[in-house]
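One-letter residues, chain by chain:
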Amino acid sequence: DFDGSPRITWGNVDIGAYEYQFPAGYWLWAEGISNGQTNLTDSVSLDGVPNLLKYATGVSPTSHYQWYQLEPDIVEGKYGVRLYRNTNANDITMIVEGSTSLESHSDWTGLATNRFGSWGAANVVETGVGNPVSALLAVSPKYSNQFIRLRVTRP
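Residues numbered from 1 in each chain as written. Predicted model: local features only at pLDDT ≥ 70, side-chain atom pairs only at ≥ 80, totals over all residues. Heavy atoms only, no water.

Asker: Break down unusual backbone geometry for me, citing the residues and quoting the values.
Answerer: Following Asn-131, the chain continues to Pro-132 via a peptide bond in cis, the omega torsion being 5 degrees. With respect to the helices and strands, Pro-132 occurs in the loop between strand 8 (124-127) and strand 9 (133-138). Although it is not a glycine, Leu-46 adopts a positive phi angle of roughly 60 degrees. Along the polypeptide, Leu-46 turns up in the loop between helix 1 (25-30) and helix 2 (51-57). The phi torsion at Phe-116 lies on the positive side, around 55 degrees, for a residue other than glycine. With respect to the helices and strands, the residue Phe-116 is situated in the loop between strand 6 (109-115) and strand 7 (118-119). (Helix = DSSP H or I, 4+ residues; strand = E, 2+ residues; numbered from the N terminus.)

Written as structure tokens, this is what we have:
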């Protein structure tokens with residue numbers, strides 16, 4: 001590029017005058033993948049779970065662990081959900097969202113966001129030692145008995 005940075009980094013190519021260099025975290029994790037399915041949306045274990053979601057939640061790319069799923073829980077007598085977070089995955093954004101409908105154009109409301117390893121909400125408590133950690137999210141009564149999803153994106 002204009003500054004002499006390589007055009008191809010971790011298998012990604014940017015065609016601008018200045019390359020955008022993805023943080024190394026995901027690509028270091030993906031080095032353990034031996035079947036060539038290293039793209040963020042690939043499912044290396046062929047279980048349908050995207051690599052990026054497994055990376056974000058601390059699951060080995062080749063395993064069938066269920067850590068990427070949201071689990072119902074009770075927080076101080078109120079409805080909540082538990083999820084897992086890879087403490088080394090500071091190059092992704094995790095967003096927990098709620099909706100009252102699964103229609104194709106449903107409105108999803110952000111309930112909590114973890115960006116660069118930090119939750120920007122007081123309604124999330126992380127526990128555990130090691131990796132991954134467990135995150136317990138208190139959910140507004142509006143979303144009890146409704147729909148909750150976890151969305152994972154690159155920053």
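Asker: Lay out the sheet that holds strand 9 with the relevant residues and their values.
Answerer: Here 4 strands make up an open sheet; going across it, the order is 3-4-9-8 and the pairing antiparallel. This sheet does not close on itself; its edge strands, each paired only once, are strand 3 (71-75) and strand 8. Averaged over all pairs of adjacent strands, the angle between strand axes in this sheet comes to 35 degrees, irrespective of strand direction. (Pairing = 2+ DSSP bridges. Axes fitted to C-alpha atoms, helices over the stretch in contact; angles between N-to-C directions.)

Asker: How would you explain the sheet that holds strand 6 if you had to name every residue and give the values?
Answerer: In a beta sheet, neighbouring strands pair by backbone hydrogen bonds and run either parallel or antiparallel. Ordered in space as 7-6-5-10, the 4 strands form an open sheet in which the pairing is antiparallel. At either end of the open sheet lies a strand with only one pairing partner, and these are strand 7 and strand 10 (147-153). With 2 bridges joining them, strand 6 and strand 7 adopt antiparallel strand pairing. Following the sheet pairing, Arg-115 is matched in strand 7 by Ser-118.

Asker: Account for the pattern of salt bridges, naming residues and giving values.
Answerer: Should their charged atoms come close, side chains of opposite charge can pair. One pass over the structure, following the stated rule, counts 6 salt bridges. With a shortest N-O distance of 2.9 Å, Lys-54 and Asp-47 are connected by a salt bridge. Across the pair Arg-82 and Asp-73 runs a salt bridge whose closest N-O atoms are separated by 2.9 Å. Since its relative accessible area comes to 18%, Arg-82 is described here as buried. With relative accessibility at 24%, the residue Asp-73 sits in the partly exposed group. Overlapping salt bridges bring together Glu-97, Arg-149 and Arg-151 as one network. (Salt bridge = Lys/Arg side-chain N within 4 Å of Asp/Glu carboxyl O. Buried < 20%, exposed > 50% of the residue type's maximum accessible area, 1.4 Å probe, protein only.)

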